[in-house]
Amino acid sequence: MSLLSPRLQLRVAQKQILTPGLVQMVTVLQLNRLELKEMITQEIVKNPVLEEATEEPGEEITADELLPLLEPDRVTDPADRQILEASVLSESSPLDGNLADVAINGSVFADAEETAAAAAQPETVTPDPIEPATATDPFDEIDFGSFFDDYLDPGYKSPASESVEKPSFETFLSAPVTLGDHLRSQLSVSLISDEVRYAAESIIGNLDEDGYVSASLEEIAAAGEHKPEHVEEALRVVQSLDPAGVGARNLKECLLLQIESIGGKGGVAWQIVSSHLRLLETHQSKEIAKLMGRPMEHIEIAIDMIHHLNPRPGLRYSGAGARVVEPDVYFIKDGDDYIIQMNDDEVPQLRLNAQYRKMLDRDNGATKEVRDYVRERYTSAIQLMKNIEQRKQTILKVCQAIVRRQTEFLTAGIDQLKPMMIKEVAEEVGVHPSTVSRAVSSKYVHTPQGVFELRYFFSEAVQGPSGSSTPLLLLKRKVKKMIEEEDRGRPLTDEQITVLLQSEGIDVTRRTVAKYREDMKIPSTHQRRVRN
């Protein structure tokens, strides 16, 4: 029997580490047009060397011109030449990703004199005296305001414009009202004790997006250290708030609260929900009338009223707002071919401000900290511009592959959609499948057939007639169409739908049809049946 004991082991392992440049490249690739526009705007605010390219002439510098300036400072001492050549990176364009990735990690910004002193032999170079480390940030010791004024001319400003304090832009922005905000505003004017008010706050904090209580009253009482009687009274208070039905613990209670709010407690609709909800779900209205001893017209009126209730009362406050969809790409028909055009309207085009180049020159009085800061800002800007261009080229290549495979769809419509897998397009483009997945994520394309999400074109293949393949999307459309055209008194079973599809040469099983039906949230045969 061996006993556990601490041991020291040395292991060699390979690990993939994403540099900040690669992380940014992945992030930029999956942004749609509106998100990219917002990101670029934020980067322009954060990075002073970045600016939007306009028609107005301005002092601009290219990445190639910046390359020699982004290297660490060199010294002319021959004794340090060998050390510097071994420590400084090879001269390569920052657009190839090497310099940019390393620079963002801070490796190329070390002062050359300090690098030489640290790496040289004692008999060759005498190191400078080591000063004790301090906890202060070196940037706190630099007066950036006066330093930048030496190089940047802000132009004329009237004294009045500088003295007037303008309101913040955030003052004009409105935040959406959440369900919690709506309920707390009503709770603040309720005449209840402090204990019940605190318990009601805890209940509101445990509501899901539909407005249902997501925890038991015992758990809420224990977590908030409330008395059980206070929690029970608080639940009644929350359930009396608008919207009606909020604070329910299940569907039945939610519907009963809504019926009670319109004065229907004890009525036919109340009795149906209270005692015959299962029969209501299966459309057995005749059975409900028989059990309640009521005329059929009374039952139909009550059921119609129940159908107008909201089973998810909190969703209008918790649900996502309206999405603004703008095409990221256009597929434009030109004769028999299609032209792929990126939608770059209103997306800021970036350029590098050359005024900060002076701060990279020590002859102008720039300190090491300032030079390192400006180098890092320029390198970060070049990396961003490279990643934006990489995003554009990747999306174009993926779209070219889509057009080649889906030309018939673009010409004739959805019935000509072909099966297409992300893996196949990735092999054709020469990238990893995850890259294609990010390239088509949340992006829309304007085609002659309408606006579609790029991911819409990717669909699994199902064995179709004569050995051909049918896209999964078309198969689901067939199932949905069959159910829409069925006799409501005798709805199709999954087995019958399977037989109909197989008669068309589509090789599917009953279990597959049931899965597709559930994916489309279509009720079962029993739930779809309407009894006369």
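Scroll up for the structure.
As a starting point, this report considers the structure included with it. (Residues numbered from 1 in each chain as written. Predicted model: local features only at pLDDT ≥ 70, side-chain atom pairs only at ≥ 80, totals over all residues. Heavy atoms only, no water.)

1. Remarks on the pairing of strand β7 (residues 450-453)
Moving on, step 1. Sheet analysis places strand β6 (residues 444-447) next to β7, joined by four bridges and oriented antiparallel. When the sheet's bridge partners are listed, T447 is paired in β7 with G450. (Pairing = 2+ DSSP bridges. Helix = DSSP H or I, 4+ residues; strand = E, 2+ residues; numbered from the N terminus.)

2. Some thoughts on the environment of Q258
Moving on, step 1. Secondary-structure assignment places Q258 in helix α13 (residues 251-261).
Moving on, step 2. Along the backbone, Q258 and V246 are 12 residues apart, and their C-alpha atoms lie at a distance of 8.9 Å.
Moving on, step 3. Setting aside its immediate chain neighbours within four residues, Q258 contacts A244, G245, L309, N310 and P311. (Contact = heavy atoms within 4.5 Å.)

3. Regarding the pattern of salt bridges
Moving on, step 1. Enumeration over the complete set of coordinates arrives at 22 salt bridges.
Moving on, step 2. Here R351 ties to E51 by a salt bridge, and the two come within 2.8 Å at their closest N and O atoms. Taken together, the residues span a long stretch of sequence, with R351 in strand β5 (residues 350-353) and E51 in strand β1 (residues 50-52) at a distance of 300 residues. With respect to class, R351 is no different from E51; both count as buried.
Moving on, step 3. The partner of R405 in a salt bridge is E424, and the shortest N-O contact between them spans 3.4 Å. A residue pair is termed long-range when its members are at least 10 positions apart, and R405 in helix α19 (residues 368-405) and E424 in helix α21 (residues 422-429) qualify at 19 residues.
Moving on, step 4. For R405, a relative accessible area of 31% gives the class partly exposed.
Moving on, step 5. The class for E424 is partly exposed, based on a relative accessible area of 33%.
Moving on, step 6. Shared partners join several salt bridges into a network, and the residues in it are R404, R405, E424 and E428. (Salt bridge = Lys/Arg side-chain N within 4 Å of Asp/Glu carboxyl O. Buried < 20%, exposed > 50% of the residue type's maximum accessible area, 1.4 Å probe, protein only.)

4. As for helix α11 (residues 217-224)
Moving on, step 1. Inspection of α11 places L217, I220 and A221 among the buried residues, and these make up the whole buried set. For α11, the angular spread of buried residues about the axis comes to 100°, placing them on one side. Set apart from the buried face of α11 by more than 90 degrees, the exposed residues are E218, A222 and A223.
Moving on, step 2. E225 sits one or two positions beyond α11 and adopts a positive phi of about 55°. (Arc of directions from axis to C-beta.)

5. Quick notes on the side chain of D328
Moving on, step 1. Checked against the element boundaries, D328 lands in the loop between α18 (315-318) and β3 (329-334).
Moving on, step 2. Look past the residues within four positions of D328 in its chain and what remains in contact with it is N32, R33, M342, N343, R391, S442, K443 and Y444.

6. With respect to the nonpolar core
Moving on, step 1. Among the nonpolar cores identified, the biggest contains 27 residues, and F331, V398, I402, V425 and F457 are the most heavily contacted of them.
Moving on, step 2. Put simply, the parts of the chain that give this core at least two residues each are β3, β4 (337-342), α19, α20 (407-412), α21 and α22 (433-440).
Moving on, step 3. The element contributing the most residues to this core is α19, with seven residues.
Moving on, step 4. Those residues within four positions of V425 in sequence are excluded, and the remaining contacts are V398, A401, R405, M420, V436 and F458. (Core = buried A, V, L, I, M, F, W, Y, C linked by side-chain atoms within 4.5 Å.)

7. Topic: the packing of aromatic side chains
Moving on, step 1. Inspection of every chain in the model, using the stated rule, returns six aromatic pairs.
Moving on, step 2. Taken together, a centroid distance of 6.5 Å and an interplanar angle of 45° make the contact between F409 and Y456 tilted. Residue F409 is located in helix α20, and its partner Y456 is located in the loop between β7 and β8 (461-463); the two are separated by 47 residues in the primary sequence.
Moving on, step 3. Given the relative accessible area of 0%, F409 is considered buried.
Moving on, step 4. Here Y456 and F457 contribute two aromatic rings whose centre-to-centre distance is 6.2 Å and whose plane-to-plane angle is 85°, an arrangement assigned as edge-to-face.
Moving on, step 5. The exposure class assigned to Y456 is partly exposed, which follows from its relative accessible area of 24%. (Phe/Tyr/Trp six-rings, centres within 6.5 Å; stacked < 30°, edge-to-face > 60°.)

8. Topic: the sheet that holds β6
Moving on, step 1. Spatially, the four strands line up as an open sheet ordered β4-β3-β6-β7, and their pairing is mixed. Each edge of the sheet is formed by a strand with only one pairing partner; in this case those strands are β4 and β7. Ignoring strand direction, the axes of neighbouring strands in this sheet form an average angle of 25°.
Moving on, step 2. Contacts from α19 reach β3 and β4, with the element oriented near 160° to β4. (Axes fitted to C-alpha atoms, helices over the stretch in contact; angles between N-to-C directions.)

9. Describing a negative patch on the surface
Moving on, step 1. On the surface, a cluster of negative charge is contributed by E218, E219, E229 and E232.
Moving on, step 2. Along the polypeptide, E218 turns up in helix α11. (Patch = residues over 30% accessible without salt bridge, like charges linked within 9 Å, V, L, I, M, F, W, Y side chains within 5 Å. Areas by Shrake-Rupley, 256 points an atom, 1.4 Å probe, with all protein chains shown as cover. Lys, Arg positive; Asp, Glu negative; His and termini not counted. Charge placed at Lys NZ, Arg CZ, Asp CG, Glu CD.)

10. Here's the deal with α22
Note that an α-helix has 3.6 residues per turn; residues three or four places apart therefore point the same way.
Moving on, step 1. Those residues of α22 that sit buried are V436, A439 and V440. The arc that holds the buried residues of α22, viewed along the axis, is 85°, so those residues lie on one side.
Moving on, step 2. Residues of α22 that are buried sit in contact with α1 (20-29), α19 and α21.
Moving on, step 3. In the segment just after α22, S442 is the residue with positive phi, at about 55°.

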